[in-house]
Amino acid sequence: DSRAFRANLRRTLAGAGYDVTLAADGNEAVQFARRDQPDLVILDIHMPVMDGYAACQAILAEDHRQPNVPIVFVTCDDATHLQTLGDELGAYLKKPVSNKAL
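Below is a short write-up of the structure. (Residues numbered from 1 in each chain as written. Predicted model: local features only at pLDDT ≥ 70, side-chain atom pairs only at ≥ 80, totals over all residues. Heavy atoms only, no water.)

## Concerning the overall build of the protein chain
Part 1 of the reasoning: Assigned secondary structure in the protein chain consists of four helices and three strands.
Part 2 of the reasoning: Secondary structure elements of the protein chain occur, N-terminal to C-terminal, as α-α-β-α-β-α-β.
Part 3 of the reasoning: In the protein chain, which comprises 102 residues, the share counted as buried stands at 35%.
Part 4 of the reasoning: For the protein chain, restricting intrachain contacts to residue pairs at least 6 apart in sequence, the fraction spanning at least 24 positions comes to 44%.
Part 5 of the reasoning: By element, 52% of the accessible surface of the protein chain is carried by carbon and sulfur atoms, the whole surface being about 6200 Å². (Helix = DSSP H or I, 4+ residues; strand = E, 2+ residues; numbered from the N terminus. Buried < 20%, exposed > 50% of the residue type's maximum accessible area, 1.4 Å probe, protein only. Contact = heavy atoms within 4.5 Å. Areas by Shrake-Rupley, 256 points an atom, 1.4 Å probe, with all protein chains shown as cover.)

Given below as C-alpha cells:
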C-alpha cells in the first residue's frame, strides 16, 4: 500500500517484537515470501505490478515448506467475498486499521 501505511505497519509490528519485511508491490511481496519464508503475510488487494489476489495465489502455489502460512488482507474494499477469503486464508481487516487490530 502507500509508503505511509507501510511505515506505520512496520512501526506497529516491530514495536510488538516482530521482524518485518516490507514490499512496495505484489511482485516484490512474492519474491520476499519465497526468500524469507514468513510466518505471516499481510497483503493489500490494490497493489502495483501484481494485485493482492495474484500475489496470494503465487505465494500459496510456491509455499511448499509452509503450506499453511496465514495471509491477512488489509484493504479499503468492502465485500462479502473478502470476509470469506480472509476467513479461509487468515484474516481480512478493513482500512482504516487500528494498531490494536494489527
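## What about the side chain of Asp44?
Part 1 of the reasoning: Note on placement: Asp44 falls in the loop between strand S1 (41–43) and helix H3 (52–61).
Part 2 of the reasoning: For Asp44, the side chain forms a polar contact with the main-chain nitrogen of His46, separated by 3.4 Å. (Polar contact = N/O pair within 3.5 Å; in protein donor to acceptor, adjacent residues only side chain to side chain.)

## Comments concerning the pairing of strand S2 (residues 71–75)
Part 1 of the reasoning: Within S2, five of the five residues are buried, which leaves it mostly tucked inside the rest of the structure.
Part 2 of the reasoning: The two faces of S2 match: Ile71, Phe73 and Thr75 on one face and Val72 and Val74 on the other face are all buried.
Part 3 of the reasoning: Judged from the three bridges that link them, S1 and S2 form a sheet pairing that is parallel. Looking at S2, one finds that Val41 is bridged to Ile71. (Pairing = 2+ DSSP bridges.)

## Some points on H3
One turn of an α-helix holds 3.6 residues; hence residues three or four places apart share an orientation.
Part 1 of the reasoning: Burial in H3 covers these residues: Gly52, Ala55, Cys56 and Ile59. Down the axis of H3, the buried set is contained in an arc of 100°. They therefore lie on one face. Residues of H3 that are exposed and point more than 90 degrees away from the buried face comprise Gln57 and Ala61.
Part 2 of the reasoning: The opening residue of H3, the one whose side-chain oxygen lies 3.1 Å from the backbone nitrogen of Tyr53, is Asp51. (Arc of directions from axis to C-beta.)

## As for the packing of helix H2 (residues 26–36) against H3
Part 1 of the reasoning: Contact geometry for H2 and H3: axes closest at 9 Å, N-to-C directions at 15°. Looking at the two axes, H2 sits roughly parallel to H3. Between H2 and H3 lies a crossing of right-handed hand. Contacts between H2 and H3 involve Gly26, Ala29, Val30 and Ala33 from the first element and Ala55, Ala58 and Ile59 from the second.
Part 2 of the reasoning: Of the residues in the contact of H2 with H3, the class split is six nonpolar, one polar and no charged. (Axes fitted to C-alpha atoms, helices over the stretch in contact; angles between N-to-C directions. Parallel < 35°, antiparallel > 145°, perpendicular 65-115°, else oblique. Left-handed = near helix turned anticlockwise from the far one by under 90°. Nonpolar A, V, L, I, M, F, W, Y, C, P; charged D, E, K, R; others polar.)

## As for the pattern of salt bridges
Part 1 of the reasoning: With the rule as written, the count across this model stands at one salt bridge.
Part 2 of the reasoning: We note a salt bridge from Arg35 to Asp36, for which the minimum N-O separation is 2.6 Å. (Salt bridge = Lys/Arg side-chain N within 4 Å of Asp/Glu carboxyl O.)

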